[in-house]
Amino acid sequence: MGAVQFGIIACSSIARRRFLPALKLASGAQLASIGSRDAAKAEQFAREFGAPRHGTYEDVLADPHINAVYISTPPSLHAEWVHKAAAAGKHVLCEKPAFRDGTEVAKAVAACRAAGVRLMEGYVPKYHPQHARVQALIAEGKIGALRFFEAEFTYPRPASANDIRFQPDLLGGVLHDSAGYPVAAAMMHLPGQPVSVTCTQGRDAATGVDDACSMTLQFSGGEIANLYAAYGVQYRSRYAIAGSSGRIELERAFAIAPDMSPTMTVETNAGIAKIVLEPADQFRLMIEDFAAQISGGVEMKNYEADLLRMQTVMDAVAESAHERRTVEIKNL
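Residues numbered from 1 in each chain as written. Predicted model: local features only at pLDDT ≥ 70, side-chain atom pairs only at ≥ 80, totals over all residues. Heavy atoms only, no water.

Caption draft 1: Spotlight on the pairing of strand β14 (residues 271-276). Looking at chain direction, strand β13 (residues 263-268) and β14 are connected through 6 bridges and run antiparallel. Bridging from a neighbouring strand, Val266 pairs with Ala273 of β14. (Pairing = 2+ DSSP bridges. Helix = DSSP H or I, 4+ residues; strand = E, 2+ residues; numbered from the N terminus.)

Caption draft 2: Region of the structure containing the pairing of strand β11 (residues 236-243). Of all 8 residues in β11, 7 are buried; the element is thus mostly enclosed. In this sheet, β11 lies alongside strand β7 (residues 146-155) in antiparallel orientation, the contact comprising 8 bridges. Note on β11: the bridge partner recorded for Glu150 is Ala240. Judged from the 5 bridges that link them, β11 and strand β12 (residues 246-250) form a sheet pairing that is antiparallel. What sits directly across from Ile241, in β12, is Ile248. Where β11 hands over to β12, the hairpin turn is made up of 2 residues, counted between the paired strands. (Buried < 20%, exposed > 50% of the residue type's maximum accessible area, 1.4 Å probe, protein only.)

Caption draft 3: Spatial organisation of the layout of surface pockets. If you add up the space inside the largest pocket, you get close to 1,100 Å³. Forming the walls of the largest pocket are 43 residues, and the residues nearest its centre are Ser13, Ile14, Arg17, Arg165 and Asp177. For the lining of the largest pocket, the secondary-structure elements that each account for two or more residues are α1 (13-25), β7, α7 (174-177) and α9 (282-295). Top contributing element to the lining of the largest pocket by residue count: α1, with 4 residues. A breakdown of the residues in the lining of the largest pocket according to their chemical character gives 21 nonpolar, 11 polar and 11 charged. Lining the second largest pocket are 21 residues, with Tyr123, Lys126, Ala184, Met188 and Asp306 positioned closest to its centre. Taken together, the elements giving at least two residues each to the lining of the second largest pocket come down to β6 (119-122), α6 (129-139), α8 (180-189) and α10 (303-323). (1 Å grid on protein atoms, 1.4 Å probe; cavity = no way out; pocket = protein on both sides within 12 Å on 5 of 7 lines; lining within 4 Å. Points joined across faces, edges and corners; volume = space filled by probe spheres on them. Nonpolar A, V, L, I, M, F, W, Y, C, P; charged D, E, K, R; others polar.)

Caption draft 4: Quick look at the sheet that holds β6. Reading across from one edge, β3-β2-β1-β4-β5-β6 is the order of the 6 strands in this open sheet, with parallel pairing throughout. In this open sheet, the two edge strands, each paired with only one partner strand, are β3 (53-55) and β6. Between one strand axis and the next, the sheet turns by 25° as a mean value, whatever way the strands run. (Axes fitted to C-alpha atoms, helices over the stretch in contact; angles between N-to-C directions.)

Caption draft 5: Expanded view of α10. Its 21 residues place the ends of α10 30 Å apart at the C-alpha level, agreeing with the 30 Å of an ideal helix rising 1.5 Å per residue. Three or more residues of α10 are buried, namely Tyr303, Glu304, Leu307, Met310, Gln311, Val313, Met314, Ala316, Val317, Ser320 and Ala321. Two residues or fewer after α10 comes Arg324, characterised by a positive phi angle close to 55°. (Expected span 1.5 Å × (residues − 1).)

Caption draft 6: Structural detail: the packing of aromatic side chains. For the structure shown, the criterion picks out 16 aromatic pairs. Taking the centre distance of 6.4 Å and the plane angle of 90° together, the rings of Phe153 and Tyr235 count as edge-to-face. Of the two residues, Phe153 sits in strand β7 while Tyr235 sits in the loop between β10 (224-231) and β11, which places them 82 residues apart along the sequence. Here the aromatic residues Tyr123, Phe149, Phe153, Tyr155, Phe166, Tyr181, Tyr231, Tyr235, Tyr239 and Phe254 are joined through ring pairs into a cluster of three or more. (Phe/Tyr/Trp six-rings, centres within 6.5 Å; stacked < 30°, edge-to-face > 60°.)

Caption draft 7: Region of the structure containing the side chain of Gln311. Note on placement: Gln311 falls in helix α10. In contact with Gln311, other than residues within four places in its own chain, are Phe99, Arg100, Asp101, Gly102 and Val105. (Contact = heavy atoms within 4.5 Å.)

Caption draft 8: Representation of the side chain of Arg118 in the model. Topologically, Arg118 is positioned in the loop between α5 (102-115) and β6. We classify Arg118 as buried; its relative accessible area is 11%.

Caption draft 9: Local environment of the environment of Asn226. Secondary-structure assignment places Asn226 in strand β10. Here the alpha-carbon distance between Asn226 and Val313, two residues 87 residues apart in the chain, equals 14 Å. With residues near it in sequence (within four places) discarded, Asn226 still touches Phe148, Phe149, Glu150, Ala151, Met215 and Thr216. A polar contact is formed between the side chain of Asn226 and the side chain of Thr216, at a distance of 2.9 Å. (Polar contact = N/O pair within 3.5 Å; in protein donor to acceptor, adjacent residues only side chain to side chain.)

Caption draft 10: View of unusual backbone geometry. At the junction of Lys96 and Pro97, the peptide bond is cis and its omega measures out at -15° in the coordinates. Even without being glycine, Ala10 reaches a positive phi, approximately 100°. With respect to the element layout, Ala10 can be found in the loop between β1 (4-9) and α1. Backbone geometry at Arg324 places phi at a positive 55°, although glycine is not the residue there.

Caption draft 11: Inspection of the pattern of salt bridges at higher detail. Scanning all chains against the criterion turns up 21 salt bridges. Two residues, Lys301 and Asp289, come together in a salt bridge whose shortest N-O distance is 2.6 Å. Residue Lys301 is found in the loop between α9 and α10, and its partner Asp289 is found in helix α9; the two are separated by 12 residues along the sequence. Here Lys301 falls in the partly exposed class, since its relative accessible area comes to 39%. In this structure, Arg325 and Glu323 form a salt bridge, with 2.5 Å as the shortest nitrogen-oxygen distance. Overall, the relative accessible area of 40% leaves Glu323 in the partly exposed class. Connected through salt bridges with shared partners, the residues Glu150, Glu152, Arg236, Arg238, Arg247 and Glu249 form a single ionic network. (Salt bridge = Lys/Arg side-chain N within 4 Å of Asp/Glu carboxyl O.)

What follows is the structure, encoded as structure tokens:
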């Protein structure tokens, strides 16, 4: 097949700022249509990004030329449109968090498998090459046996009172918005499986949504991850991994512009080295990976298993916060 034809479900901020500019540059993928609940916004996005067609969400799904859709509605609507996309025979790349809980994930995965389409949750940071560089250093034994992981993803309080992150009915709050990033990073690097989690939350007094999550994950090999996500805090997007003989830290680990050169610090008994890495567009790399899976001819990845595993852990995080206790993580 030729380039995978993408339809866009929702004219969101993340679609405009990151996904659509990356899609224009991606190999093997092409923008075909913009869908919005607002006709004027769909037309505006179509002009801005050169989409040949635009209309409603339903128009996008009914378009026989479209192979895949990118869904970036408010998270509370993801499940509805994932099921509708699967029923229309469209592959789905869904913005994170893709679903409310494990029950929604299981139903969506089953529906997509039955329809013969792929389902991917857009945890985009893992596509940045800096993380592969970290993994290579770990594999070389540069910092010895891994013992401890720490991460922070914090940012100023959103300026608009209408921001969906302040709206509980739209799955607002830090747990759904950004806590998954440090969790995903810990799971990417630490060996073994997370076996328990303790989570403590802070609350935004004006809206009632959670504005801070402090999480401790225990892994099967004894490794520990201390993770923090919050808004209303100075911006940080970092993680560090401590081993028996060294330490690696990334200064810009999660949200990183495509023209930014990330910096890695490697500390061992031999000294401290600062490594400046090449810029990369993690959204473009994610899109290209997804498109290659649809087009075929590459080793198949199990996006759906990754989604199920991630949601199992995030459900345990939510349960721990709600019940104010340590929760065992099972069935990974």
